[in-house]
Amino acid sequence: MKESHKEIITGLAEQLKEIFNASEQAVYIYLDDTSKRCNKRFSTMLGYNSPEEWANVPESFPSAFVAEKSQLTLINAFQDAITKGRASKTKISWKTKEGGSIDTEVILVPIAYQGHLLALHFITIL
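Source: prediction; values computed, not measured. (Residues numbered from 1 in each chain as written. Predicted model: local features only at pLDDT ≥ 70, side-chain atom pairs only at ≥ 80, totals over all residues. Heavy atoms only, no water.)

Colleague: What's the story with the side chain of lysine 36 in this structure? I'm lost.
Modeller: Assignment of secondary structure puts lysine 36 in strand β2 (residues 35–38). Buried and unpaired, lysine 36 has no salt bridge, with aspartate 33 as the nearest side chain of opposite charge at 6.2 Å. Reaching out from lysine 36, the side chain makes a polar contact with the backbone oxygen of aspartate 33 at a distance of 2.4 Å. Among the polar contacts listed, one links the side chain of lysine 36 to the backbone oxygen of valine 57, at a separation of 3.3 Å. Non-local contacts of lysine 36, meaning those with residues more than four positions away in its chain, are made with Ile9, Ile29, Tyr30, Trp54, Ala55, Val57, Phe61 and Phe65. (Helix = DSSP H or I, 4+ residues; strand = E, 2+ residues; numbered from the N terminus. Buried < 20%, exposed > 50% of the residue type's maximum accessible area, 1.4 Å probe, protein only. Lys, Arg positive; Asp, Glu negative; His and termini not counted. Salt bridge = Lys/Arg side-chain N within 4 Å of Asp/Glu carboxyl O. Polar contact = N/O pair within 3.5 Å; in protein donor to acceptor, adjacent residues only side chain to side chain. Contact = heavy atoms within 4.5 Å.)

Colleague: What exactly am I supposed to notice about the nonpolar core here?
Modeller: Within soluble globular proteins, side chains that are nonpolar generally end up buried alongside one another. Formed by 26 residues in total, the largest nonpolar core has its most connected members in Tyr28, Phe42, Trp54, Phe61, Phe65 and Trp94. Taken together, the elements giving at least two residues each to this core come down to β1 (26–32), α3 (40–45), α4 (51–55), α5 (61–65), α6 (68–84), β3 (88–95), β4 (101–113) and β5 (116–125). A total of four residues in this core trace back to one element, the largest contributor, which is α6. Leaving out residues up to four positions away in the same chain, tryptophan 54 has contacts with Tyr28, Lys36, Arg37, Cys38, Phe42, Ser43, Leu46, Tyr48, Phe61 and Phe65. Counting residues in each nonpolar core, the second largest holds 14 residues, with Phe20, Val27, Ile111 and Leu118 among its members. (Core = buried A, V, L, I, M, F, W, Y, C linked by side-chain atoms within 4.5 Å.)

This is the structure we're talking about:
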């Protein structure tokens, strides 16, 4: 029996704990809209009190967190990572919890964990 998405994200987040804690960049991993984790830098950047508060947002990821002008760009980069194993660097504007926006550069890297393809994102504010 395959692990649930929650177990996959929990296991991978534990494996990446040192990167999440040590990176000077905002970092998140994404499997699907309900299976995601971020470091404190990313949740704070978007105005959330904690990574857990951010991860518990139930709306679709692009609608909740990505400015409309950047949604297709991020979705395409994610699809390229998952289907073609292609890493990318692109400019993305994020939505903050309060309704503002933040311009960033995102490095998106495809990763595999226990047979599942995910994307690891490193974000730098411009």
